[in-house]
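Topology and contacts: notes
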Amino acid sequence: MEYRLLTAQLGPAGEALDTLLAYEKAGGYQALRKALTGMTPDEVVEEVKASGLRGRGGAGFPTGTKWSFLPRGVLPRYLCCNADESEPGCFKDRYLIDKLPHQLLEGLLIAAYALDVHTAFIYIRGEYRRQRLLLERCVEEARAAGYIGKSVMGTDFSCDVIVHGGAGAYICGEETALLSSLEGSRGEPRLKPPFPAVKGLYGQPTVVNNVETLSNVPHIVARGGKWFAGIGVERGTGTRLICASGHIQRPGVYEIEMGRPIRELLEEHCGGMLPGHQLKAFQPGGGSMQVLLPKDIDLPLDFDSVQKAGSSLGAGAMVFMDETACMVNVSMRLVDFYQHESCGKCTPCREGTYFESRLMHRLEAGQADKAELATLADICDNMDGKCFCPLGDTATWFVMSAYRAFRDEFEQHCGAGRCPVSMPATGSHEDLLMAGSLL
Ligand SMILES: Cc1cc2nc3c(=O)[nH]c(=O)nc-3n(C[C@H](O)[C@H](O)[C@H](O)COP(=O)(O)O)c2cc1C
């Protein structure tokens, strides 16, 4: 069974609630009213802490704890919703914006109230033009109804919301690069510390939260942190929106209670692998994460369990691959993505992804010799943990985990003159960018 929390208000066939009227009819903006009229900002933060909510943007950092890092009395401070969503295989934030844009706005406004923020931003990926226009329309609807602007719902809380479109760069999802881009500079990461909570947008205290993270907030305020903490597992509360793609019968976005087995997602929700094909490998957290194997299919779907197995739930993209997927080909295409998206600021990432990509192309075409596999491992070793931001580190994770798990397959390519495993997939870099079409 799918668990409906974030998607509870959708119609039976997943019909969107993308107008203010429809959202209000379904009980929308009542949680904002409750927060503004019945709770202090600190009480809202405490509820979010009690809920155990962890960030859905990739790192899984506890949201209430992040909120409490803002230094008291330093104003102005800012809130940025991260809607950059560029992880290969990830499309859940787009789904949430398409289906329930006002749920995100309500979460954003409650968070702004809790954090004493009076200007909040939504930084949205450049390619999500339709979603940006939708959000802009919803902001205007909410402003006209008194949910955004001066004296929200007649209270003394005021907040403006600005929707800002990116220009299509994966690095701008990294929170400090996002802030640089929002300020009008080149989207490059900044040194941490200082963390954004202390010195963020325009040098002021700033919280960056993912779309899905903020969409949970109205539910926590409406029904209480303790109630929310009862869903899922101890260190993985609530649900996850999983973007399932690859060689499966029913790709799509599924809302799953944390802690359910991955097998349930694959077999019940996604209808299993394509007829006549077997699971060979899967990526549990999008293009950045390490490969998992059929033996891992009964793992509970939560942060800690997947991490213990050597990978990460990341941004919630689950890519299932059958025996026709060549691990060298998939690795090559992911490496190409990272090479294209490297911002160039630091040498290990800029040069490393270039050499990685060049070598992977030789290997995939069957032109590399076995000694070059050691070179590949050496390049990755000189990148992982040595880059300025995690983009460069993660450019090595899939390829090295695939090399360890499918060493024979990598070796078979050496000197073979062509890819010996399967017909290479025909997807292009654009497919990767559009997410969900990795294979
Ligand atoms: C290269 C890179 C890309 C990222 N892209 C995104 C993204 O598109 N959306 C997102 O929410 N977080 C992304 N993150 C994580 C953010 O830096 C940050 O941790 C997150 O937005 C915090 O929100 P959360 O606490 O609600 O998860 C990315 C991180 C890195 C290193």
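Let us look at the packing of helix H14 (residues 347-364) against helix H16 (residues 390-405). Contact pair H14 / H16: the axes reach a minimum separation of 9 Å and the direction vectors enclose 25 degrees. In this view, H14 runs roughly parallel relative to H16, as classed from their interaxial angle. The hand of the H14/H16 crossing is left-handed. Where H14 abuts H16, its residues Cys-349, Thr-353, Glu-356 and Met-360 lie against Leu-391, Gly-392, Ala-395, Thr-396 and Val-399. Looking at side-chain class alone, the contact of H14 with H16 contains five nonpolar, three polar and one charged residues.

A separate point is the nonpolar core. Tyr-29, Leu-32, Trp-67, Leu-79, Leu-108 and Ile-122 are the most contacted members of the largest nonpolar core, which has 68 residues in total. Take this core: its biggest share by element is ten residues, from helix H6 (residues 101-115). Inspection of this core shows a minimum of three residues originating in each of domain 1 (20-230) and domain 2 (236-322). If sequence neighbours within four positions are ignored, Leu-32 has contacts with Glu-106, Leu-109, Ile-110, Tyr-147, Val-152 and Met-153. Ranked by size, the runner-up nonpolar core spans 51 residues in total, among them Cys-80, Cys-172, Met-327 and Cys-343.

A separate point is the confidence of the model for the chain. Mean pLDDT over the chain: 94, with 95% of residues reaching 70 or higher. Every residue in residues 424-439 is under pLDDT 50, and counting partners more than four places away or in other chains gives 42 contacts.

Let us now look at the pattern of salt bridges. Under the criterion given, the structure shown has 27 salt bridges. Put simply, Asp-98 and Arg-130 hold a salt bridge, and the shortest N to O gap is 3.7 Å. Residue Asp-98 is found in helix H5 (residues 92-99), and its partner Arg-130 is found in helix H7 (residues 129-144); the two are separated by 32 residues along the sequence. For Arg-130, a relative accessible area of 59% gives the class exposed. Here Asp-298 makes a salt bridge to Arg-263, at a shortest N to O gap of 2.7 Å. Placement of the pair is Asp-298 in the loop between strand S9 (279-283) and helix H12 (303-308) and Arg-263 in helix H11 (residues 262-269), with a sequence separation of 35 residues. Of the residues examined, Asp-298 reaches a relative accessible area of 46% and is grouped as partly exposed.

Time to look at the domain arrangement of the chain. Each assigned domain of the chain is listed here: domain 1 (20-230), domain 2 (236-322) and domain 3 (327-421). The distance between the C-alpha centroids of domain 2 and domain 3 comes to 23 Å. Between domain 2 and domain 3, the contact holds ten residues from the first and 13 residues from the second. Buried surface at the junction of domain 2 and domain 3, summed over both partners, amounts to about 950 Å²; 70% is from carbon and sulfur atoms. Looking at the side of domain 2 facing domain 3, the largest losses of area belong to Lys-280, Ser-288 and Val-291, adding up to 47% of the total buried there. Joining domain 2 to domain 3, the criterion identifies one salt bridge. Note that Glu-409 is salt-bridged to Lys-280, the shortest N-O span being 2.8 Å. Seen at the junction of domain 2 and domain 3, the total is four residue pairs in polar contact (both at pLDDT 80 or more).

What follows concerns the sheet that holds S9. Note on sheets: strands pair through backbone hydrogen bonds, and any given pair is parallel or antiparallel. Reading across from one edge, S8-S7-S10-S9 is the order of the four strands in this open sheet, with mixed pairing throughout. Strands at the two margins of the open sheet, each flanked by one partner only, are strand S8 (252-257) and S9. Going from strand to strand, the sheet's axes swing by 30 degrees on average, the running direction of each strand aside. Where strand S7 (residues 239-246) meets S8, six bridges bridge the pair, whose relative direction is antiparallel. When the bridges of S8 are listed, Thr-239 appears paired with Glu-257. The sheet contacts of H11 involve S7, S8, S9 and strand S10 (317-322), and relative to S10 the element is tilted by about 70 degrees.

What counts and how
Residues numbered from 1 in each chain as written. Predicted model: local features only at pLDDT ≥ 70, side-chain atom pairs only at ≥ 80, totals over all residues. Heavy atoms only, no water. Axes fitted to C-alpha atoms, helices over the stretch in contact; angles between N-to-C directions. Helix = DSSP H or I, 4+ residues; strand = E, 2+ residues; numbered from the N terminus. Parallel < 35°, antiparallel > 145°, perpendicular 65-115°, else oblique. Left-handed = near helix turned anticlockwise from the far one by under 90°. Contact = heavy atoms within 4.5 Å. Nonpolar A, V, L, I, M, F, W, Y, C, P; charged D, E, K, R; others polar. Core = buried A, V, L, I, M, F, W, Y, C linked by side-chain atoms within 4.5 Å. Buried < 20%, exposed > 50% of the residue type's maximum accessible area, 1.4 Å probe, protein only. Domains from an automatic or database assignment. pLDDT = per-residue confidence, 0-100. Salt bridge = Lys/Arg side-chain N within 4 Å of Asp/Glu carboxyl O. Buried area = accessible area lost by both parts, 1.4 Å probe. Polar contact = N/O pair within 3.5 Å; in protein donor to acceptor, adjacent residues only side chain to side chain. Pairing = 2+ DSSP bridges.

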